[in-house]
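Below, each chain spelled out in residue letters.
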Amino acid sequence: MIDILLKTLAAFCAILAGALLTLITLMTCLSVLGRNTTGITLVGDFELTGVAAGAAIALFLPWCQIRRGNIIVDFFTSRASARTNAWLDRLGAGLLALVMALLAWRTVLGGLSAWRTQSASMMLGFPEWIVYCFMVPPLCLTAVIALWQAARGFEAEAS
């Protein structure tokens, strides 16, 4: 049951990230087309691209973790037993859970700081705290997924 919930939430985050990047790609194409044909451009398009890319990266992390899409360098463990590799995979998932929880915590603090100072982008005045709001939930979800994988292991996923 928990596996299905985590997969559904991770898929939702990935779809949201894909939609966000699609919108930003279309906006960039329109801006470049306008700049090269009519001389009219979208002011602050690079700011929105940066904002959306940051949010999209965070939104893709849960899907990457649920699919075990992170790079694994098994040069040193290729001759290790299956039991050792399973233990190392669980340890890696646990460490990733810890790092994602730390990132989520620091992102919350950064968002609160951006809110307090009313920090905004230079051209559009886009509030920076909004980006933090989009980044915290997927970072937390990635931490939960990795913690679940560390506790449960990966053997059950193969079946």
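Our subject in this report is the structure included herewith. Here the structure is a predicted model, which means the values were calculated and not measured. (Residues numbered from 1 in each chain as written. Predicted model: local features only at pLDDT ≥ 70, side-chain atom pairs only at ≥ 80, totals over all residues. Heavy atoms only, no water.)

Observations concerning the state of the cysteines
- Taken as a whole and judged by the stated rule, the model has 0 disulfides.
- The closest cysteine sulfur to the non-disulfide-bonded Cys64 is located on Cys13, 13 Å from its own sulfur.
- Sulfur of Cys140: no disulfide; nearest cysteine sulfur belongs to Cys13 and is 11 Å away. (Disulfide = S-S within 2.5 Å.)

Overview of the packing of aromatic side chains
- For the coordinates displayed, the defined rule picks out 1 aromatic pair.
- Plain terms: the ring middles of Trp115 and Trp129 are 5.0 Å apart, the flat faces sit at 85 degrees to each other, and that makes the pair edge-to-face. Remark: Trp129 occurs in helix α4 (residues 129-152) and Trp115 occurs in helix α3 (residues 82-117); sequence separation between them is 14 residues.
- Looking at Trp115, the relative accessible area reads 48%, which means it is partly exposed.
- The partly exposed category is assigned to Trp129, whose relative accessible area is 26%.
- Above the face of the Phe154 ring, Arg68 is positioned so that its terminal group lies 3.7 Å from the ring centre.
- Across from the ring centre of Trp105, 5.0 Å away, lies the NZ or CZ of Arg106, which sits over that ring. (Phe/Tyr/Trp six-rings, centres within 6.5 Å; stacked < 30°, edge-to-face > 60°. Helix = DSSP H or I, 4+ residues; strand = E, 2+ residues; numbered from the N terminus. Buried < 20%, exposed > 50% of the residue type's maximum accessible area, 1.4 Å probe, protein only. Lys NZ or Arg CZ within 6 Å of the ring centre and 35° of its normal.)

Description of the nonpolar core
- Leu6, Ala10, Cys13, Ala17, Ala56, Leu59, Ile66, Leu141 and Ile145 form the largest nonpolar core, which has 9 residues in total.
- For this core, the elements supplying multiple residues, two or more each, are α1 (2-37), α2 (45-66) and α4.
- If we skip the residues at most four places from it in the chain, Cys13 touches Leu59, Pro62, Pro138 and Leu141. (Core = buried A, V, L, I, M, F, W, Y, C linked by side-chain atoms within 4.5 Å. Contact = heavy atoms within 4.5 Å.)

Things to note about the pattern of salt bridges
- Counted under the stated rule, the structure contains 3 salt bridges.
- A salt bridge links Arg35 to Asp45, with the shortest nitrogen-to-oxygen separation between them at 3.5 Å. With a gap of 10 residues between them, Arg35 in helix α1 and Asp45 in helix α2 connect regions that are remote in the sequence.
- Arg35 gets classed as partly exposed once you look at its relative accessible area, which sits at 42%. (Salt bridge = Lys/Arg side-chain N within 4 Å of Asp/Glu carboxyl O.)

Considerations on a nonpolar patch on the surface
- A contiguous nonpolar patch, built from Val43, Phe46, Met122, Met123 and Leu124 and spanning about 580 Å² of accessible area, is present on the exposed surface.
- In this fold, Met123 is placed in the loop between α3 and α4.
- Met123 sits in the partly exposed class, given a relative accessible area of 46%. (Patch = residues over 30% accessible without salt bridge, like charges linked within 9 Å, V, L, I, M, F, W, Y side chains within 5 Å. Areas by Shrake-Rupley, 256 points an atom, 1.4 Å probe, with all protein chains shown as cover.)

Fair warning: the whole summary comes from geometry, so function is off the table for now.
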